[in-house]
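Architecture at a glance
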Amino acid sequence: MSVLIKKFLLLAFLLPITFILQAQEIDSLDIYLAIGQSNMAGRAEIIADLEAPIEDVFLFTGKEWLPATNPLNLYSTVRKVVSMQRLSPAYGFARKMHDYNQDKKIGLVVNAKGGSVIDEWMPGTLFFSEIISRARLAAESGKIKGIIWHQGEGDVKEADQYLGKISHLITALRDSLHLPDLPFVAGQLSEDKISRKALNDTLLSLPKLMPHTGLALSFGTTTFDSTHFDSPSQVLLGERYADQMIQLMEAKNSRKSFSFGVLSDIQYADVETAGKRNYRGTLETLKRTIPFLNAYDLKFTVHLGDLIDRNFESFDAPLSILEESKAPLHYVWGNHDFSVTDSLKQKVGKKVGNENGYHSIEVGDMVFMMVNGMDISMEGHPEGSTQHEEALMMMEGLEAEGANNVKPWNGGVGEEQLQWMEALVNKAEEEGKRVVAFCHYPLLPENGLHLLNHKEVLDRIGHSPAMVAWFSGHHHAGNYYKDENGMHHLTFLGMVEAESPALGAIVTVEKDKLIIHGIGDEADRILNFR
């Protein structure tokens, strides 16, 4: 039998199976609408790695569903010429959404038009009618789960009006589709042109103004013509859309979720840069980070120690910037916070609003434990004090054991605080609550920057199923370690050595995990409860 006949027979055999599979797939799709201007239509090059169809993702033609292949705006009823349609963020979005829940098949309805202004998308316009019409047809094959929107390059001159217009559009879309809490994620524009910054800053307020909305940030992206994102940035932006959509969907499924912010090692001083430590420049990084934090409805924000590098008067500059935070702030003590004269060391706690050095707060079923790693330390107490002498003794014992963290800038936890920590964790375990600890010093890994008596702390609380995570600073390069008991040890990047314009994290607490949304170079992570 010839090869040609074999191929024909094989095709004839497979076609009925293909149609049967497709019929099953289009009955229960999770459908997402992707609408907006040229970046949503896609202008980036479709590189070789992005040419293949996305597994279990289908594109709506207006009549049927086909395997989703770039360009995804090909079947838009309002697009420009076919040759202009290339890679859009819908690709990275759909791929990550499928990775998030591989049991579900995804349907995309893409209707974007390059050069369009937001007024062309408002209720009563052709574009609005087209997307509603196509969405209703698509919904016969599944459920509309969310909308991703990228538009605004044509509205930068009227940035002050944009928030009102997009809010009206979101409401109209939800009303027309009879989905009042439909998740909607907008995307920031490239700031390769500074004229777009005002609109981007305006969009930061969207999640607070409109319920069930998110924002895909454009930080770290690049363009090939100062307007249109290049291929890697389109994929990155799409993944950020997915992150926001996932967060909105999980919040929708569990209204008990909430978020808090994390900053670490601002370490400001009015001195010259040394190595990677940009002591003066860290203030600008902090200024750029505050709007990211304020874009979320945070229960609180924690700074993980080393607000300053030296000199008591250094506190004023970062504290004045942090006053712009909408969320309450909790300050953990760090070793550099005590790089002041001995006569001023006792005033540090009052200066940062944490006089005792350790305390706890509760939100729902979560207990947050602020740990004082300077409790037993050389730098945290005047020479000759009880704590200073106890630190010397502790370090002598560790040195005899060959420990690698015997350094004057490291600290430990005293017995009184240990008893408090143990009682807090035991109580949380009895009540079925979870505990997250914040300390300047890591417990693990043993990299020389960890808490002096980390073994004792682990022995006292590390085995408890209530302990979820130990969040720390001190090691500016960051770190992550999961110990044998399933406890997460996450060290956040230090702002004083930030390479990105903004740096920090948003941590969303879900019923069974912590979702870390990194700001700047801080990595995104999911930390599942044990």
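It should be emphasised that the depicted structure is a prediction, and the values quoted were computed from it without experimental measurement.

**A closer look at the overall build of the protein**
- Each helix and strand counted, the protein has 14 helices and 21 strands in total.
- On C-alpha atoms alone, the protein measures out to a radius of gyration of 27 Å, which is about the 24 Å that the 2.2 N^0.38 rule sets for 530 residues.
- If you line up the protein on its principal axes, its C-alpha atoms span 85 × 60 × 45 Å.
- Buried residues in the protein amount to 56% of all 530 residues.
- Here the analysis covers contacts within the protein between residues at least 6 apart in sequence; of these, 73% occur between residues at least 24 apart.
- In the protein, the 50 positive side-chain charges and the 71 negative ones have mean positions that sit 9 Å from each other.

**Considering the sheet that holds strand β11 (residues 359-363)**
- Taken together, six strands build an open sheet; the order of strands is β11-β12-β15-β16-β18-β17 and the sheet is mixed. Taken across any chain shown, the strands that pair with only one partner, and hence form the sheet edges, are β11 and β17 (479-482). Neighbour to neighbour, the strand axes of the sheet diverge by 15 degrees on average, direction disregarded.
- Bridge count for β11 against strand β12 (residues 366-370) is five bridges, and the pairing is antiparallel. From the neighbouring strand, Ile 361 faces β12, where its bridge partner is Phe 368.
- This element, helix α13 (residues 415-430), spans β11, β12, β15 (434-439) and β16 (467-472) of the sheet and lies at about 175 degrees to β12.

**Side note on helix α9 (residues 282-294)**
- For α9, with 13 residues, the first-to-last C-alpha span of 19 Å sits near the 18 Å given by 1.5 Å per residue.
- Taken together, the buried positions of α9 are Thr 282, Leu 283, Thr 285, Leu 286, Thr 289, Ile 290, Phe 292, Leu 293 and Asn 294.
- Lining the buried residues of α9 we find α7 (206-209), β8 (258-263), β9 (298-303), α10 (316-322), β19 (504-509) and β20 (513-519).

**Let's talk about the pattern of salt bridges**
- As enumerated under the stated definition, the model contains 21 salt bridges in all.
- Lys 345 serves as the salt-bridge partner of Asp 342, at 3.9 Å between the closest nitrogen and oxygen.
- With relative accessibility at 39%, the residue Asp 342 sits in the partly exposed group.
- For Arg 460, the salt bridge identified is with Glu 456, shortest N-O distance 3.5 Å. Placement of the pair is Arg 460 and Glu 456 together in helix α14 (residues 454-462), with a separation of four residues, close to one helical turn.
- For Arg 460, a relative accessible area of 23% translates into the label partly exposed.
- By sharing partners, the salt bridges in this structure join Glu 362, Lys 427, Glu 431 and Lys 433 into a single network.

**Remarks on the pairing of β19**
- Within β19, six of the six residues are buried, which leaves it mostly tucked inside the rest of the structure.
- Residues Gly 504, Ile 506 and Thr 508 point to one face of β19 and Ala 505, Val 507 and Val 509 to the other, with burial holding for every one of them.
- Where β8 meets β19, five bridges bridge the pair, whose relative direction is antiparallel. Across the sheet, the residue bridging to Val 262 is Ala 505, located in β19.
- In terms of strand pairing, β19 meets β20 through six bridges, oriented antiparallel. Counted as the bridge partner of Thr 508 is Ile 515 from β20.
- If you look at the hairpin formed by β19 and β20, you'll find three residues sitting between the two strands.

**Topic: the packing of helix α3 (residues 89-100) against helix α8 (residues 231-253)**
- Where α3 contacts α8, the two axes come as close as 6 Å, and the packing angle between them is 45 degrees. With respect to α8, the axis of α3 lies oblique. The handedness of the crossing between α3 and α8 is right-handed. Residues Pro 89, Gly 92, Phe 93, Arg 95, Lys 96, Met 97 and Tyr 100 of α3 pack against Gln 234, Val 235, Leu 237, Gly 238, Glu 239, Tyr 241, Ala 242, Asp 243, Met 245, Ile 246, Met 249 and Glu 250 of α8.
- For the contact of α3 with α8, the per-class residue count stands at 11 nonpolar, three polar and five charged.

**What to know about the packing of α13 against α14**
- With their axes 9 Å apart at the nearest point, α13 and α14 run at an angle of 25 degrees to one another. Classed by the angle they form, the pair α13 and α14 counts as roughly parallel. Both α13 and α14 take part in a crossing whose hand is right-handed. Judged by residue contacts, Glu 415, Leu 418, Gln 419, Met 421, Glu 422 and Val 425 of α13 engage Glu 456, Val 457, Arg 460 and Ile 461 from α14.
- When the residues that make up the contact of α13 with α14 are grouped by side-chain class, the tally is five nonpolar, one polar and four charged.

**Quick look at the environment of Lys 326**
- Of note, Lys 326 is situated in the loop between α10 and β10 (329-331).
- With 200 residues separating them in the primary sequence, Lys 326 and Leu 126 have C-alpha atoms 40 Å apart.
- Ignoring sequence-local partners within four residues, the contact set of Lys 326 consists of Lys 208 and Asn 294.

**Section: unusual backbone geometry**
- Here the amide bond leading from Asn 70 into Pro 71 is cis, since omega sits at 0 degrees, within 30 degrees of zero.
- In this fold, Pro 71 is placed in the loop between β3 (65-67) and α3.
- Of note, the bond from Leu 444 into Pro 445 is cis; its omega dihedral lies within 30 degrees of zero at 0 degrees.
- Within the fold, Pro 445 resides in the loop between β15 and α14.
- Here the phi dihedral of Gln 267 falls at roughly 50 degrees; this positive angle occurs in a residue that is not glycine.
- If you trace the backbone, Gln 267 turns up in the loop between β8 and α9.
- We note that His 474 has phi near 75 degrees; this positive angle belongs to a residue other than glycine.
- Along the chain, His 474 falls in the loop between β16 and β17.

**Description of the environment of Ser 320**
- Mapped onto the elements, Ser 320 comes out in helix α10.
- The partly exposed category is assigned to Ser 320, whose relative accessible area is 39%.

**Re the nonpolar core**
- Residues Leu 33, Trp 149, Ile 166, Leu 173, Met 369, Val 457 and Trp 470 are the most contacted members of the largest nonpolar core, which totals 97 residues.
- A total of nine residues in this core trace back to one element, the largest contributor, which is helix α5 (residues 159-177).

Basis of the calculations
- Residues numbered from 1 in each chain as written.
- Predicted model: local features only at pLDDT ≥ 70, side-chain atom pairs only at ≥ 80, totals over all residues.
- Heavy atoms only, no water.
- Helix = DSSP H or I, 4+ residues; strand = E, 2+ residues; numbered from the N terminus.
- Rg over C-alpha atoms; globule rule 2.2 N^0.38 Å.
- Buried < 20%, exposed > 50% of the residue type's maximum accessible area, 1.4 Å probe, protein only.
- Contact = heavy atoms within 4.5 Å.
- Lys, Arg positive; Asp, Glu negative; His and termini not counted.
- Charge placed at Lys NZ, Arg CZ, Asp CG, Glu CD.
- Pairing = 2+ DSSP bridges.
- Axes fitted to C-alpha atoms, helices over the stretch in contact; angles between N-to-C directions.
- Expected span 1.5 Å × (residues − 1).
- Salt bridge = Lys/Arg side-chain N within 4 Å of Asp/Glu carboxyl O.
- Parallel < 35°, antiparallel > 145°, perpendicular 65-115°, else oblique.
- Left-handed = near helix turned anticlockwise from the far one by under 90°.
- Nonpolar A, V, L, I, M, F, W, Y, C, P; charged D, E, K, R; others polar.
- Core = buried A, V, L, I, M, F, W, Y, C linked by side-chain atoms within 4.5 Å.

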